[in-house]
Structures are given as structure tokens and as C-alpha cells.
Amino acid sequence: MAAPDPAERVEQLRAEIEYHNERYFLDDAPEIADAEYDALMRELRELEAAHPELVTPSSLTQRPGGAATTTFAPVSHVAPMLSLDNAFSREELDAWHDRIVKLVPGPIVFVAEPKLDGLAISLLYEGGRLTRAATRGDGVTGEDVTPNVATIAAIPERLTGKAVPDRLEVRGEIFMPLASFEELNRRQGEADDRLFANPRNAAAGSLRQKDAKVTASRDLDFFAYQLGVQEGGPKLRSHHETLAWIAELGLPVNEHTEQLDAIDGVYDFCARMLDHRHSFGYEIDGTVVKVDDLGQRDEMGTTSRAPRWAIAYKFPPEEKTTVLRGIFVSIGRTGRATPFAQLEPVFVGGSTVGLATLHNQDEVARKDVRLGDTVIVRKAGDVIPEVVGPVLAKRKKGARKWVFPKECPACGATLVRLEGEADHHCVNVECPEQRVQRIVYFAGRGAMDIEGLGEERVRQFVDAGLLADVADIYALTVEGLVPLERMAQKSAENLVAGIEASKARGLARVLVGLNIRHLGPTAAQAVARAKGDLAAIEVAPVEELTAVDGVGPVIAQSVQRFFSIADNRALVDKLRAAGVDLTSSTAAPAAEGPLLGMTFVLTGGLEALSREQAQAEIEARGGKVTSSVSKKTSYVVVGENPGSKLAKAESLKVTILDEAAFVDLLDNGPSGD
Ligand code: IVH
């Protein structure tokens, strides 16, 4: 048999290899073994070596590393994928505005959008089908990541709608929702794999996978924000028309997009987005302000780097690097021993951070931060500052691993870590630090809300022998306080008045303040309301507590166990004798109203309403408030510094309301859509 023509054989091999790439990447179903695949690649490589004239830049062998399974093919962008110029202040935004108004006659209308913190992607649709997806790369040449992008549910394989164009390049951002990021890092941690520093790194790492199956397992999301090449379809005149058409074609566009006709409104939008940046369920690092009119855009043009018609208004960074000076352990009100980092103070996320949590032993081990390391610190909104990890390139020689201390730093008792638990505990009930923290918690905003009784004061009073338990607070007198350091007559009077006022906070807050395991504010409210008086709760058997709506067996048992301990009952007697109101007068939920049958979960602090007020408003309209998010939850109301409930709501696709939307719902009822 005559040897085949090399050019023909090369063609044949390329087609065959592409075919197997698709089976492997797109279908998750390879038809040949890796070794056979490698043999095809080898033959192609040898033929190309013998016939260099057959090599093309896009040949499979020309990809760095050589094999399609290990690298990505380069893609030349039809039009370069530009970057954006940045503005970091109102002044810089105004300066941009001043520049562009000079470039065109007539008024300018803007469209402002969140700046998604992910990675830019170019999607090419031909005949309505996704034929190629490319990363931005250096803006001129990107990488072909089609098989990986094909696994992202938010990116349609086919365009929909009446006016499907022959050829369309859609640009947008691939990102990882926060809930998915947390879940991914949890899985990585369990498997002892490396953790991703932030959702953007996780998104990039997940997209640039040799094995598209890995990408498929990563739950990436996408929003489109721009068009490139367009052949066919409507003649578009503005950005807002463009976004509407993109949406019609079945591609997701971000809902928090506004058309604005003056720079003041643009700035308000930026300020609002900054306020709400933690309530979206995905990270944004700024806003992008764009000129709406495409004709005006053409007139303004671009520089080689970025368009003149758009600007990124960047939020202050929430991550910075600093030096780790020490690792210590703090003892909480339950005895939990939490390692934390002492840092060279650094301004990040709107405040100066000198301390940051390290959570627990396993977290420190996983992050492997060592004394003297340069570390990345993250402070997102009101969330407690966290050490993300070390910058290994800057590690000093000889830096040693940190070991968890054996003893409680406050009382010297052995720290215990129970099987299956992540935390160490100081199990000494007499531990002075636990005592301080319990009293601080009782006096804190979530419980009795005693103004002027913060951690420093509590520590001082405990040291002075004035406080041994929370009930001792009510024995504090002006005369007793004045002799103490830094305690003027007036502050002593104010403090005692604040203590007096706290007596009337009601049963639910007392229950919270007692620091009963598992009993959060919502369940405490439910128990208080159902039983009416602490005397009834003290003697209630588990079954009776479980019968309370919103109280499960875990909470019920914990409450029952708490009051079975004589010391705790004595403490309650002491509170009662001091005149603390141990009854509940809150009204029961209404049996009708516009929110009847709806369940709410509240997370984070609201500005206009306290938690109790929010709950009362919901209940007055027939709605219910529960403590944990499930598929049955109708709404999750998200305030400042929301907890993990937000992420849970995102993952269960429960409707999320910010404060404004919540107030609107109270005022106008559900809209019915
Ligand atoms: S428009 C030529 N809109 O920001 C300008 N970009 O810093 C095209 N980005 O590479 C970009 N959200 O990855 C635009 N709503 C948005 C965006 C956005 C995030 C990214 C994009 C771009 C980078 C520039």
C-alpha cells in the first residue's frame, strides 16, 4: 500500500484529534484511551517535524505544552478586548465626565452597571450556536476555552428569540457566586486540597482546567455586558437597547443596571452599589459607567488601552497585604478557643485592621501562616477581618509552623478538642475570661443592650470583684463605681441608669443573654411568646418546648438542660429578685393579612427597624419569622453584615430582599409576580 500523502494524513490526524477532544471535553465520554490519543498526537508531531511547511500557528501541536489535553489554543480577537480606565473618587469620576462632554455635542446619557469581579470572556455565536469561547488573554490574543465554557449553565449553547443573527460575539464576565465559592473551598478543605483566595481566583482556576469535567463541577455563572462582531439582527443605537436584545437572545444580563441622565445620578448609583456590595451573592469591585449612545461612543473613540466612553468606578480594596506579628488564642463566652493573628496595622475595607481571626486549628494548618509572614488580609464590609493566606514568595527562611497551645491563656486549664469538632474549648466553668465574655454578651446589643457596659468596663468590674455573674450587674451602684479608675460621677450615673432601663427589655432578650446553647434570637422570641414567663420555661419538659413553633428538638433539649442545672436556676432567681422583667408581652402573629402563609428569615442589621420591630411588622401582616433558611422560606431579608444565611438563600434560590425591598413589601404587599 502506498504511503498516504503527508498533507492529507496531517489533515486526517487533526480532524481525528479534534473529534476525540470533543468527545473528551464536551461529552465527558472519551472513545479512545489516553495512550491511543497520545499516539495520534505523536504521529502528527513527527509528520509536522518532517514537513515544516504543513505547520500552522493554530495547529494542535503548536499549543504550549503540545497536547490539547494540557493547554489551550490561542485565539486572535476580532476586535481587541480592551481594559477600562479607573476612577477611585468622586473627583476622578467628575474629571472623566469633564473630559467626555468636550468630545461630543449635546447631552450624554449614561448606563451604569456593577463591575463584576470575575474574568472577561468572548463568546462567538455562529448560526445561533456557540462555536467558540475565548478568554481575554492580553486583549489581542486569548485562549480557546470552548469545552470548559460549554459546561456553564448560564451560557446558552443556542441563542433564542426572533432575530437570531448570523454571527455575534457576546462579551461578558464569568464569575463564581459566593455560595459556590464557599462550598468549593469547603470541599477543597475536606479533600486537603489548596483553598482559593477569593471567588475570582476560584473562577479563573475553574475555567482554565485541562479537564472540562472539573469546570463542570464548579458552578460558574455569567453576565453579558457588551457585543463585539455583529452580522445580522437589529441595528442597535444604544447600550440599553443592546442589553435588552442580548437578554432576548437568552443570555443573562445583570439586573442592577440603570440608565441615568446626569453625572450626579451616576454618582448616587455608585454610592448605592458600594452600600449594597455585600448583598448580591457575588462579588463586585466597583461599577462601570458607560455612555449609552453608540453614535457618541464612536465619536469619542478609544485609546490603545481603553475606551474613552466608559470608566470603572472602583470600590476601596477589601484585601491588602501586611506582616503577621503574632498568633494568639482568645477565649469566648462558651469557652471556645479561637486563634487570631496580630498584624502590622493596615487600612483595608474601610478601617484599620490590627487583629484578624484564624478560626481554628485546622484553618491555621491549612493556611500555614507563620510568624513574620507577609499575609493577605481581607475585610469585607462589616464582616470580621480574616487572614486569607501567606505570600509564600516573601517567607523568611526558618519560619516555623505554629502549634496550637495546650493550655487556656486565661486560666491555664487544658484546652480540649473533642472528636469530630473543629474547635478547642476551655472547659473550666470558673475560667475568668469566659465569665467576662458571658457578661459582655448579656450586656450587648443582641441581648440586654446596656449602654456603656462594653468589654473593657466588664473586665475592669470583674477585676475589681464587682461582677461574678450577669445578675451582679443589677447590684452595681453609683457609689460603688465612682472610686474606680476612669469612672467619673456622670458616667457612673449614666451607666446605672442604663442598667435600670435594661430591666424592662423583656423575656426574649433575657433568654438570649443567658447564653443558652443553640437558642438564637428568633427561637428565644418564639419560646418567650409561647410560654409568657421564665418560670414556665424553667420547668417545661422537652416535649412541651418542642411543641413551640420554631423550636426543634436540639434547641428544646438544650433549654431543658440549661434549666436543669441548679446554678442556672439560682442565677435566674437572682435576676428576678433584682427586678428584671422575666415575662413576655409581645403579641401573637395575626391570623390574616397580605403576608399570610409566608415565611421570612432575617439576617444582618436593618437601618430603620430593630429585629423585633421587623418581626412584629411581618407578623402583624400574617407572616412568620423563622431562624433558618430552607426551600420553604419565602423571603430572606438581608441587612448590614449578613451571615451565612445569605449564601444559603442564594444556593436554594430563595428570594432575597434588601431593606428597601423589604419596606416596600411591608407597605405594598407582594406584587404577585
Ligand atoms: S465593559 C472595553 N462592563 O472589567 C470595556 N466590563 O477592568 C469592556 N468588567 O476586562 C468592558 N464588569 O472583565 C464591562 N459591567 C461590566 C463589567 C466589566 C466587569 C471587567 C471586564 C473588563 C474589566 C476591565
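The notes below deal with the structure included here. (Residues numbered from 1 in each chain as written. Predicted model: local features only at pLDDT ≥ 70, side-chain atom pairs only at ≥ 80, totals over all residues. Heavy atoms only, no water.)

Things to note about the overall build of the protein
- When helices and strands are counted, the protein shows 24 helices and 22 strands.
- Overall, the protein is about 105 × 60 × 50 Å in size when its C-alpha atoms are taken along their principal axes.
- Going through the 673 residues of the protein one by one, you find that 45% of them count as buried.
- Long-range contacts, defined here as pairs at least 24 residues apart, represent 66% of the contacts in the protein between residues at least 6 apart.
- A total of about 32,900 Å² of accessible surface is found on the protein, and carbon and sulfur atoms cover 51% of it.
- Taking the average location of the 76 positive side-chain charges in the protein and that of its 100 negative ones, the two points are 4 Å from each other. (Helix = DSSP H or I, 4+ residues; strand = E, 2+ residues; numbered from the N terminus. Buried < 20%, exposed > 50% of the residue type's maximum accessible area, 1.4 Å probe, protein only. Contact = heavy atoms within 4.5 Å. Areas by Shrake-Rupley, 256 points an atom, 1.4 Å probe, with all protein chains shown as cover. Lys, Arg positive; Asp, Glu negative; His and termini not counted. Charge placed at Lys NZ, Arg CZ, Asp CG, Glu CD.)

Topic: helix α21 (residues 566–577)
- Taking 1.5 Å as the rise per residue, α21 with 12 residues should run 16 Å; its terminal C-alpha atoms sit 16 Å apart, in good agreement.
- Looking only at α21, the buried set comprises Asn568, Leu571, Val572 and Leu575. Buried residues of α21 fall within an arc of 100 degrees about the axis and therefore sit on the same side. Among the exposed residues of α21, those oriented more than 90 degrees off its buried face are Asp567 and Ala577.
- At its buried positions, α21 is contacted by α12 (432–443), α16 (507–513), α18 (534–538) and α20 (553–564). (Expected span 1.5 Å × (residues − 1). Arc of directions from axis to C-beta.)

Let's talk about the sheet that holds strand β3 (residues 110–116)
- Taking strand neighbours across the sheet as the criterion, the five strands line up as β2-β11-β10-β3-β9 in an open arrangement whose pairing is mixed. Taken across any chain shown, the strands that pair with only one partner, and hence form the sheet edges, are β2 (86–87) and β9 (258–260).
- Where β3 and β9 come together, three bridges link them in antiparallel fashion. The residue bridging Ala112 from the neighbouring strand is Glu258, located in β9.
- Against the sheet, helix α3 (residues 90–101) touches β2, β3, β10 (284–291) and β11 (310–314), its axis set at about 175 degrees to β11.
- Set on the sheet, helix α9 (residues 263–276) makes contact with β3, β9, β10 and β11; between it and β10 the angle comes to about 160 degrees. (Pairing = 2+ DSSP bridges. Axes fitted to C-alpha atoms, helices over the stretch in contact; angles between N-to-C directions.)

Structural notes on the site of the ligand
- Near the ligand, the surroundings consist of 15 residues, among which Glu113, Leu116, Glu173, Tyr225 and Lys290 are the closest.
- Side-chain polar atom of Glu113 to a nitrogen atom of the ligand: 2.7 Å apart, as the coordinates give it.
- Note that an oxygen atom of the ligand is positioned 2.6 Å from one of the side-chain N or O atoms of Glu173.
- Of all the secondary structure elements, the ones that give two or more residues to the shell around the ligand are β3, β8 (221–231) and β10.
- By residue number, the principal contributor to the shell around the ligand is β3, which donates four residues.
- Its residues assigned to classes, the shell around the ligand comprises eight nonpolar, two polar and five charged. (Near = heavy atom within 4 Å. Polar contact = N/O pair within 3.5 Å; in protein donor to acceptor, adjacent residues only side chain to side chain. Nonpolar A, V, L, I, M, F, W, Y, C, P; charged D, E, K, R; others polar.)

Some details on unusual backbone geometry
- Despite not being glycine, Asp449 has its phi angle at roughly 50 degrees, a positive value.
- Among the structural elements, Asp449 can be located in the loop between α12 and α13 (455–463).
- Residue Asn515 is not a glycine yet carries a positive backbone phi of 70 degrees.
- With respect to the secondary-structure elements, Asn515 resides in the loop between α16 and α17 (521–531).

Some remarks on the packing of aromatic side chains
- Evaluated as defined, the whole model comprises 12 aromatic pairs.
- With centroids separated by 6.4 Å and ring planes inclined at 85 degrees, the aromatic side chains of Phe442 and Tyr474 adopt a geometry described as edge-to-face. Highlighted residues: Phe442 in helix α12 and Tyr474 in the loop between α13 and α14 (478–481), separated in sequence by 32 residues. The pair Phe442 / Tyr474 is uniform in exposure class, with both members buried.
- Of note, Arg297 hangs over the ring of Trp309, and the distance from its end group to the ring centre comes to 3.9 Å.
- For the cation-ring pair, Arg333 lies above Tyr441, with the distance from its terminal atom to the ring centre recorded as 3.6 Å. (Phe/Tyr/Trp six-rings, centres within 6.5 Å; stacked < 30°, edge-to-face > 60°. Lys NZ or Arg CZ within 6 Å of the ring centre and 35° of its normal.)

Considerations on the side chain of Gln525
- Counting through the fold element by element, Gln525 comes out in helix α17.
- What makes Gln525 buried here is its relative accessible area of 6%.
- Contacts of Gln525, omitting those with residues within four sequence positions, involve Ala508, Thr586, Glu612 and Gln615.

So, the packing of α12 against α13
- Taken N-terminus to C-terminus, the directions of α12 and α13 make an angle of 130 degrees; their axes are 9 Å apart at the nearest point. On the basis of their axis angle, the class for α12 and α13 is oblique. The handedness of the crossing between α12 and α13 is right-handed. Contacts between α12 and α13 involve Glu433, Val436, Gln437, Ile439 and Val440 on the former and, on the latter, Glu455, Val458, Arg459 and Val462.
- The residue inventory of the contact of α12 with α13, partitioned by class, reads five nonpolar, one polar and three charged. (Parallel < 35°, antiparallel > 145°, perpendicular 65-115°, else oblique. Left-handed = near helix turned anticlockwise from the far one by under 90°.)

Structural notes on the sheet that holds β8
- Taken together, the four strands give an open sheet; going across it, the order is β5-β4-β7-β8, and neighbouring strands pair in antiparallel fashion. Edge strands, defined here as strands with exactly one partner in the open sheet, are β5 (129–135) and β8. Each strand axis lies, on average, 25 degrees off the axis of its neighbour in the sheet, ignoring direction.
- Taken strand by strand, helix α6 (residues 199–207) contacts β4 (119–126), β5 and β7 (167–175), and its axis lies near 40 degrees from that of β4.
- The strands touched by helix α8 (residues 239–248) within the sheet are β7 and β8, with β8 carrying the most contacts at an inclination of about 110 degrees.

Re the pattern of salt bridges
- Tallying each qualifying case throughout the model produces 46 salt bridges.
- Here Arg305 and Asp85 are joined by a salt bridge, their closest N and O atoms 3.3 Å apart. Of this pair, Arg305 sits in the loop between α10 (294–300) and β11 while Asp85 sits in the loop between β1 (74–76) and β2, and the two are 220 residues apart along the sequence.
- For Arg305, a relative accessible area of 43% puts it in the partly exposed group.
- Shared partners join several salt bridges into a network, and the residues in it are Arg277, Glu283, Glu318, Glu319 and Arg378. (Salt bridge = Lys/Arg side-chain N within 4 Å of Asp/Glu carboxyl O.)

What to know about the environment of Glu363
- Here Glu363 shows up in helix α11 (residues 361–367).
- When its relative accessible area of 15% is taken as the criterion, Glu363 is described as buried.
- In this structure the C-alpha to C-alpha distance between Glu363 and Val388, which are 25 residues apart in sequence, comes to 10.0 Å.

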